[in-house]
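Overview (structure and organization)
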Amino acid sequence: MTKNLDIDGLRSIVKNYDIFYIDLWGVVHNGIALYTGAIEALEEITKAKKNYVLLTNAPRPNSSVNLFLEKMGMKKEIRAKVYSSGEASLSYLKKNFLNEKFFHLGPSRDFDLFLNFKKNKTIDIKESSYLLCTGLFEEQGEDLSYYKELLKEHINKKMICTNPDLIVDKGEKRELCAGSVALVFEKLGGQVVYFGKPFPEVYNQAINNEGKKVLSIGDNLNTDIKGANLLNYNSLIISNGVHKDEIKKEGIDLVLKKYEVVANFIQTELKW
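Now for a description of the structure that goes with this document.

Rules and cut-offs
- Residues numbered from 1 in each chain as written.
- Predicted model: local features only at pLDDT ≥ 70, side-chain atom pairs only at ≥ 80, totals over all residues.
- Heavy atoms only, no water.
- Helix = DSSP H or I, 4+ residues; strand = E, 2+ residues; numbered from the N terminus.
- Buried < 20%, exposed > 50% of the residue type's maximum accessible area, 1.4 Å probe, protein only.
- Contact = heavy atoms within 4.5 Å.
- Areas by Shrake-Rupley, 256 points an atom, 1.4 Å probe, with all protein chains shown as cover.
- Arc of directions from axis to C-beta.
- Pairing = 2+ DSSP bridges.
- Right-handed = clockwise from strand over helix to strand, strands pointing away.
- Axes fitted to C-alpha atoms, helices over the stretch in contact; angles between N-to-C directions.
- Parallel < 35°, antiparallel > 145°, perpendicular 65-115°, else oblique.
- Nonpolar A, V, L, I, M, F, W, Y, C, P; charged D, E, K, R; others polar.
- Expected span 1.5 Å × (residues − 1).

This brings us to the overall build of the protein chain. When its secondary structure is counted, the protein chain shows 10 helices and 13 strands. Taken over the C-alpha atoms alone, the protein chain extends approximately 55 × 40 × 35 Å along its principal axes. A total of 272 residues make up the protein chain; the buried ones form 55% of that total. Nonlocal contacts in the protein chain, meaning residues at least 24 apart in sequence, comprise 72% of its contacts between residues at least 6 apart. Accessible surface computed for the protein chain: about 13200 Å², of which carbon and sulfur atoms make up 49%.

Following this line, the structure appears as structure tokens:
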């Protein structure tokens, strides 16, 4: 049964874990501002001499995520523990696609991660050996039928998806992510290699977790909680996140059953 921590807070279970994987977008900030309760929790985890990683499905290098958090006012010592899905994808790309041409699906702001591959970028999808997906094109918006038409003749190429999220809430606005484009490609019959939660590489590369007791905290059942389940970690779902309407309407037990995941704890917002 999922235990509610709204009264007892994270402090009531912190002693039971060595490492906390904490989702950034939806738990620590909403894309616009930081959540004060979550920031306090991070500070208290450090005081308790426990390790945490700010794990994010951001298709950018750690340095870019750090800059983004700095602009929102996060202290340097807190954001020093960021690890992104974009960072996790780099070693794979260097090993397998270093000198091959690729077509970039996503906004230009994401491309700072792949500057070392810039010479291999092509604007003609027909010339590419593989597809690199970081999101949706700014000029096309959220018209997924556009991507279906664009990709249907290229299902023989491998797609690298650096953000498995389907959707994200930016303030009060809901936006599609790279995972939505990758899902279109998979439904066409294409092969996708994912980097980020729920896939193991991002957890294992971020910190040495061997033999450690781990709690994964997030608001996304498809990524944060599913990743915890796949790796046999305990998990805490933040209910006032991407699934807030479902959880409010159906209750946590039915929602967890619908997504076929298990969460050990639930909290409205991350608070100490």
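Once the structure has been displayed, the description carries forward.
With that settled, the discussion passes to helix α5 (residues 144–151). Turning to α5, its buried residues number three or more, namely Y147, L150 and L151. Viewed end-on, α5 has its buried residues packed into an arc of 85°, placing them on one side of the element.

Quick look at the pairing of strand β7 (residues 158–161) now. Strand direction decides the pairing type here: strand β6 (residues 130–133) and β7, joined by four bridges, are parallel. In the strand pairing of β7, L132 is matched with I160. Between the parallel pair β6 and β7, the chain is carried across by α5, and the sense of this crossover is right-handed. Where β7 lies against strand β10 (residues 191–194), four bridges are found, and the strand directions are parallel. Counted as the bridge partner of M159 is V192 from β10.

Closest axis-to-axis distance for the helix α8 (residues 221–230)/helix α10 (residues 252–259) pair is 11 Å, and the angle between their directions is 85°. As summarised for this structure, α8 and α10 are arranged roughly perpendicular, according to the angle between their axes. Along its contact with α8, which presents L221, N222 and K226, the element α10 presents V255, L256 and Y259. Residues of the contact of α8 with α10, tallied by class, amount to four nonpolar, one polar and one charged.

For an α-helix, the turn length of 3.6 residues means that residues three or four places apart are oriented alike. Look at helix α4 (residues 85–96): 17 Å from first C-alpha to last across 12 residues, which is about the 16 Å you get at 1.5 Å a residue. For α4, every residue scored as buried is listed here: S85, G86, A88, S89, L90, Y92 and L93. The elements touched by buried residues of α4 are β3 (51–56), β4 (82–84), β6, β7, β10 and α7 (200–206).

Turning next to the sheet that holds strand β5 (residues 102–105). The strands making up a sheet associate through hydrogen bonds between their backbones, and the pairing can be parallel or antiparallel. Pairing is parallel across the open sheet formed by four strands, whose spatial order is β5-β6-β7-β10. What marks the edges here is a single partner per strand, and that holds for β5 and β10. Neighbour-to-neighbour, the strand axes of the sheet open up by a mean angle of 25°, direction not taken into account. Contacts from α5 reach β5, β6 and β7 within the one sheet, and its direction differs from that of β5 by about 170°. Running at roughly 150° to β10, helix α6 (residues 178–188) makes contact with β6, β7 and β10 of the sheet.

Read from one edge to the other, the open sheet built from seven strands follows the order β1-β13-β12-β11-β2-β3-β4, with strand pairing classed as parallel. The strands lining the two open edges of the sheet, one partner per strand, are β1 (3–4) and β4. When strand β2 (residues 19–23) meets β3, the two strands line up parallel, connected through five bridges. Opposite I19, over in β3, you have N51 as the bridge partner. Of the strands in this sheet, β3 and β4 are in contact with helix α2 (residues 62–72), which crosses β4 at around 125°.

With that settled, the discussion passes to the environment of Y35. Along the chain, Y35 turns up in the loop between β2 and α1 (36–47). Relative accessible area serves as the criterion here: at 31%, Y35 is assigned to the partly exposed category.

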